[in-house]
Amino acid sequence: MKTKFFLLAILIAASTAVQAEDSKPNPSGSAGAAFARLKTLVGEWEANTSSGKAHLTYELVSGDTALLERESSDTMPAMVTVYHVDGGRLLLTHYCMAGNQPRMQATASSLDGSEIDFQFLDATNLADPGAGHMHNAKIRIVDNSHLVSEWQFYENGKPKFTETANFTRVR
């Protein structure tokens, strides 16, 4: 009798372990490939911009299911962007110094994920539809040591300016 209960307990434990493994996020398709490419950015980056030296750090968080980007410079408050896969979509949420949080969805990427275009999806804390916010972004991974970041700011429903920076890995 004890043997039957022991075997039943082992069978239940094994089944639970298989179910837990199956429930782990396993991004696939183009969103998964682009996110895998973004993961290669983990580290520290610098760029010389028109407003001074800019710094980026990338860190994997939340069991490697999200990529946290911290941006800082001498002339602006620090900002954070979080990249993650949601089903078949690659999303980002940008926590902007403008006080709002635009979300963008990747709409196109090269086959190897070296260039990813993000388009505005929606935003939280946006005062009204015409309020200034980051609307589009493009990440181009040139190689393991070089990255081009391009962010487009919209106001009153149209582009106001685009910020482009050429980053070099420092660590």
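Conventions adopted
- Residues numbered from 1 in each chain as written.
- Predicted model: local features only at pLDDT ≥ 70, side-chain atom pairs only at ≥ 80, totals over all residues.
- Heavy atoms only, no water.
- Core = buried A, V, L, I, M, F, W, Y, C linked by side-chain atoms within 4.5 Å.
- Buried < 20%, exposed > 50% of the residue type's maximum accessible area, 1.4 Å probe, protein only.
- Contact = heavy atoms within 4.5 Å.
- Helix = DSSP H or I, 4+ residues; strand = E, 2+ residues; numbered from the N terminus.
- Polar contact = N/O pair within 3.5 Å; in protein donor to acceptor, adjacent residues only side chain to side chain.
- pLDDT = per-residue confidence, 0-100.
- Arc of directions from axis to C-beta.
- Salt bridge = Lys/Arg side-chain N within 4 Å of Asp/Glu carboxyl O.

**Student:** Any chance you could explain the nonpolar core here in plain terms?
**Tutor:** One recurring pattern in soluble globular proteins is that nonpolar side chains are buried together. Within the largest apolar cluster, 27 residues are counted, with the highest numbers of intra-cluster contacts made by L38, Y58, Y83, L90, F118, L147 and F167. Contacts of Y83, omitting those with residues within four sequence positions, involve F35, L38, Y58, T65, A66, L67, E69, L91, L92, F118, I139 and W151.

**Student:** It is not clear to me how the side chain of N136 should be interpreted in this structure. Could you clarify?
**Tutor:** On the secondary structure map, N136 appears in strand β8 (residues 133-143). Exposure remark for N136: the relative accessible area of 11% places this residue in the buried category. A distance of 2.7 Å separates a polar atom in the side chain of N136 from a polar atom in the side chain of Q152. Setting aside residues up to four positions removed in sequence, N136 forms contacts with M104, F118, Q119, F120, E150, W151, Q152 and Y154.

**Student:** What am I meant to see in the confidence of the model for the chain here?
**Tutor:** Parts of the model with low pLDDT should not have their predicted coordinates read in detail. Summing up the model confidence of the chain, the mean pLDDT is 87 and the portion of residues at 70 or higher is 83%. Across the chain, the element-wise mean pLDDT spans from 42 in helix α1 (residues 2-23) up to 98 in strand β5 (residues 89-95). Predicted confidence for residues 5-26 stays below pLDDT 50, and this span has one contact to residues more than four positions away or in other chains.

**Student:** Quick question: what am I supposed to make of helix α2 (residues 29-39) here?
**Tutor:** Note on helix geometry: an α-helix contains 3.6 residues per turn, so any two residues three or four positions apart are oriented the same way. Taken residue by residue, α2 has A31, G32, A34, F35 and L38 as its buried positions. Projected down its long axis, α2 carries its buried residues within an arc of 165°, all on one side. In this fold, the buried residues of α2 make contact with β3 (66-73), β4 (76-86), β5, β6 (101-109), β7 (115-124) and β8.

**Student:** How should the environment of D112 be read in this particular structure?
**Tutor:** Along the chain, D112 falls in the loop between β6 and β7. It is 9.8 Å that separates the C-alpha atoms of D112 and A36, two residues lying 76 residues apart in sequence.

**Student:** Help me out: how do you make sense of the pattern of salt bridges in this one?
**Tutor:** Once the charged atoms of two side chains with opposite charge are near each other, the side chains can pair. Counted according to the given criterion, the structure contains eight salt bridges. E46 is the salt-bridge partner of K53, the closest N and O atoms lying 3.7 Å from each other. Residue K53 is classed as partly exposed on the basis of its relative accessible area, which comes to 33%. A salt bridge links K138 to D117, with the shortest nitrogen-to-oxygen separation between them at 3.8 Å. With K138 in strand β8 and D117 in strand β7, this residue pair connects regions lying 21 residues apart in the sequence. Through salt bridges that share partners, E115, D117 and K138 make up one connected network.

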